[in-house]
Amino acid sequence: MSKLVTKVLGAGAAVSMLTLPGLSPAVAAPSLGNGNSAADSVTTPSESAPADPEQSSNESSTGGKSETAEDAAGDEQDSGSAAQSAPEGTAVQLLNITDFHGRISEAGTQVASVVEDERAKFGTGGDNAGTALLSTGDNIGASTYTSSSQNDTPTLDVLGAMGLDASAVGNHEFDKGIDDLTGRVSDEADFPYSAANVYDKGTQNVVDGLDEYSIVDVAGVKIAVIGVVTKDTTSLVSPDGIADLDFGDPTDAVNRVADDLESLPEDEQPDMTVVEAHLGASSTESLEEAKASNAEFKKLVTEADASVDAMFTGHTHMPYAFEAPVPGEPDRTRPVIEAGSYGEYVGQVTMRVDGNSNWQASGIDLIDTEDKSYDSEVVDKVAGIISDAEEKAKELGSEVTGTISEDITRATKDGEEDRGAESTLGNLVADALKEGVEETQLEEADFGVTNAGGLRTDLLCDQIYNNEDKCEVTVAELNGVLPFANDHGVVTLKGEDVIGVFEEQWQPDDASRPFLHLGVSDDVDVVYDSDADKGEHVKSVKVDGEEIDPNKDYRVATLSFLAAGGDNYTSFAKGDFEQSGLTDFETWENYFNKHQAEGEDVAPDKNERQADAAKDVIDNGELTAELTGPKAIKPGESAEFVLKTDAKSEVPGPVDVTVDLPDGYTAEAAAQSKAQSATAGVTKGKAPEVSAEAAATTITLDSIPAGESETPVTVTAPTDASGEVTVTVSVQANAEGPWWDDNPLPLAHEFEATAAVGDDANASAGDDGSADGSADGGNADGGAADGGDSAAGGNADGGDSAADGSDNGSSNAGGGADGANASADGGSADGSGADANGSKDGGDLPRTGFETFNIVAAALALIVAGGTAVTIVRRRKLSLQS
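Attention here is on the structure that accompanies the text. Because the structure is predicted, anything quoted here is derived from the model rather than measured. (Residues numbered from 1 in each chain as written. Predicted model: local features only at pLDDT ≥ 70, side-chain atom pairs only at ≥ 80, totals over all residues. Heavy atoms only, no water.)

**Topic: the state of the cysteines**
Two cysteines form a disulfide when their sulfur atoms are joined by a covalent bond.
Then comes step 1: Applying the stated criterion across every chain, the model contains one disulfide.
Then comes step 2: Linked covalently through their sulfurs, Cys461 and Cys471 form a disulfide whose S-S length is 2.0 Å. The chirality of the disulfide connecting Cys461 with Cys471 is right-handed, given an S-S dihedral of about 105°. On the criterion of sequence distance, the pair formed by Cys461 in the loop between strand E20 (447-450) and strand E21 (472-474) and Cys471 in the loop between E20 and E21 is long-range, its members being ten residues apart. Each member of the pair, Cys461 as well as Cys471, is classed as buried. (Disulfide = S-S within 2.5 Å. Helix = DSSP H or I, 4+ residues; strand = E, 2+ residues; numbered from the N terminus. Buried < 20%, exposed > 50% of the residue type's maximum accessible area, 1.4 Å probe, protein only.)

**Some details on the side chain of Asn294**
Then comes step 1: In this fold, Asn294 is placed in the loop between helix H9 (287-293) and helix H10 (295-303).
Then comes step 2: Side-chain polar atoms of Asn294 contact the backbone nitrogen of Phe297, separated by 2.8 Å. (Polar contact = N/O pair within 3.5 Å; in protein donor to acceptor, adjacent residues only side chain to side chain.)

**A short note on unusual backbone geometry**
Then comes step 1: For the bond running from Gly653 to Pro654, omega is 10°, close enough to zero to count as cis.
Then comes step 2: Position of Pro654 relative to the elements: it lies in strand E33 (residues 651-660).
Then comes step 3: A positive phi angle is found at Asn151, which is not glycine, with a value near 55°.
Then comes step 4: Using a relative accessible area of 39% as the deciding quantity, one classes Asn151 as partly exposed.
Then comes step 5: Phi is positive for Asp371, close to 60°, though the residue is something other than glycine.

**Considering the environment of Gly448**
Then comes step 1: Mapping Gly448 onto the fold places it in strand E20.
Then comes step 2: For Gly448, a relative accessible area of 0% translates into the label buried.
Then comes step 3: Through-space distance from the C-alpha of Gly448 to that of Gly489 is 10.0 Å; in sequence the pair is 41 residues apart.
Then comes step 4: If we skip the residues at most four places from it in the chain, Gly448 touches Ala430, Lys434, Gly519, Val520, Ser521 and Ala557. (Contact = heavy atoms within 4.5 Å.)

**What to know about a negative patch on the surface**
Then comes step 1: Judged by side-chain charge, Glu344, Asp368, Glu370, Asp371, Asp414 and Glu416 come together as a negatively charged surface patch.
Then comes step 2: Residue placement: Glu416 occurs in strand E19 (residues 416-417). (Patch = residues over 30% accessible without salt bridge, like charges linked within 9 Å, V, L, I, M, F, W, Y side chains within 5 Å. Areas by Shrake-Rupley, 256 points an atom, 1.4 Å probe, with all protein chains shown as cover. Salt bridge = Lys/Arg side-chain N within 4 Å of Asp/Glu carboxyl O. Lys, Arg positive; Asp, Glu negative; His and termini not counted. Charge placed at Lys NZ, Arg CZ, Asp CG, Glu CD.)

**Some words on the pattern of salt bridges**
Side-chain pairs of opposite charge can arise where the charged atoms are in close proximity.
Then comes step 1: Counted under the stated rule, the structure contains 24 salt bridges.
Then comes step 2: Residues Arg184 and Asp180 are paired through a salt bridge, measuring 2.8 Å at the closest nitrogen-oxygen approach. Of this pair, Arg184 and Asp180 are both found in helix H6 (residues 178-188), four residues apart, which corresponds to roughly one turn of the helix.
Then comes step 3: For Arg184, a relative accessible area of 24% translates into the label partly exposed.
Then comes step 4: Asp180 gets classed as buried once you look at its relative accessible area, which sits at 17%.
Then comes step 5: The salt bridge involving Arg410 is made with Asp458; its shortest N-O contact spans 2.9 Å. Taken together, the residues span a long stretch of sequence, with Arg410 in the loop between strand E17 (400-403) and strand E18 (412-413) and Asp458 in the loop between E20 and E21 at a distance of 48 residues.
Then comes step 6: Asp458 gets classed as buried once you look at its relative accessible area, which sits at 16%.
Then comes step 7: Linked through salt bridges whose partners overlap, the residues forming this network are Arg410, Glu417, Arg419 and Asp458.

Shape is all these values report; function is a separate question.
Next comes the structure, spelled out in structure tokens:
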């Protein structure tokens, strides 16, 4: 297998050589790139870096361009010298950045200042050989507009000016595909990219155009830099651009290359081996917690070959610095560092060799770059590149494309971005992707979906790009949110695959993040259960209010990254992707332009679109509910059904109570008066308050009070009714509620009660025939023994009756075999078949177990057209009562 190995002089000069079996790589002459060896150099602030990095990065120490393997071998033979191991006590400074992501405007000169300052401090005299500057990858991609508007060329120029010696590939180096990386990017970079675990598909041949490792020469100290990238790259970039690649195990690749290095002739082996691994820990409290947080990281730290002297990691954007035991050598440790992200830190390690040729870290640090400045030609050159890039970007990006009403942001947790939670920004992008289809040749989409990882910054009113007004949004700011330029289009999926997409928010066990929350458009409502078993989380998916049909086709507006199965959403790849001809950014910009043309601000929607059933107050026992009803209803007459609730604490609303009745039946929620406690004569909680707005068969409660409460509904039977009637009431949080990851009733809960219907039926309301008082709290009179109707004065205004009770004061209100109707001035004071537990002297009779309270000022008519419940119009704002 051929291997492309790059030899780099310590200041960035590169010599590429192809090594074939039997042909050893030649070693470039010792140099820091400025023509001075360690022996004759004089330490000055910028002497350890080239005065003109752009020039020296393309030249060898002899002033020539990159050499072929034969030329380099000939040069070495002519010199008559062979590489020697570094003398005991020799020290090399390693500086490292990671996940820079094109932040040249934000941190470019600061990083260059720290690098130059530390180079100068370390110098090249005495035991100090000099400094190597390395990167763990993601130098480009997900960049801010200054760089992204120009395809990240300014970032590559800045890194070249700093004298970057070598870099691993990060996942974002593959954003535009392998051909772009090995072509345009590699051509523009003045440093080599290494990727020892990126193979041609089906092989273990490192892909053409990338190195397994590179050799950085620091004043004669040869440093092998092995680059690897996380296997997650397959799901982090558009699959189409890496279709012909395999991403192997990073540690296995490191160990393979380490074996190859050790098998070289002794005088060709590197003095030091450093791993640049674009993978990392997501916990930083301790080395043990860091290892437990990520399997790839743990394997690298604990199983990488003992010849590896230092490890620089990345990808997780976490700053940490550990010393880890060297496997098999308990007396040795090696540094494991990650320098955060976006140029916030420069990692620093001083490596010193002992008498056994073992390199040990004598200093480990993360140097904060904030507000750092340093006077050197290198920093000046970096500043010039950035200034030119900013001027060009401002021309391109200063155009105001719309306004926002307030900040629209990604989800956060403990001050950090949280890709596992719903965000107003993610949902807004999904809205834009869906609406954007309407401006293209494609048929409309049913809904839109985007991924949390594609959102790279927030939209903030106080964020000013150039000289726009507060809350105005420029093209550059929009691009900062969606910097990847994915293709926009529509994927047609079966309903079962749509469900699969939402299930795949729970990532594979070996993924770096266990859950990735999708942004969805306003047309979708999803309910999942975070406590459910894998594969069974999704409980409901509704599109335009209708439960999804597993066998029906749905058109999903999205971006090419997801359409190809990115972020492990493999169900997307089962559909057909139609491209609109626009990028996701162009669709995003058009969305803002449209609002601007209509004179409207773009505002965040603060209603959640995915809810967690694990927080359901009925399922978790915080609320119980039941529906009670009468024994019977006479045709053409009415009786009361009551939804009774008992809550441990108030359940915030709005909550919809939807009544479902057969054809011809009607229902109304009648005004009720306060009742007394059965024991103490005090009220037990308050009744739910009904919103002034209700639609069809839905009552909307402002909340469900703590304790016991009732929501009564009076049902009237048609004159020709017979048999029996079943009333169904469903309870669910209203979609317009102020829910944000806290919906108390995301799924509908149904409760039923059945009553007999007929001319001779007992029109007796209550709990399974229990004797309730009149509808407004009046007294129920004792019924006649023969079951005849009794008009004994059961007054609707609450007057006393002469109750024919037994000696113990219980009045047998239902004397007849079929029960007696106690007419209370038209009220429903019935007492069929049960003891009306009144007082001995005929005092007030309480409602059994619960009290009824004043619900509305006037009755709300609820007309039912058929057996299917009709709910309120989705997302119609309610005027809530306090």
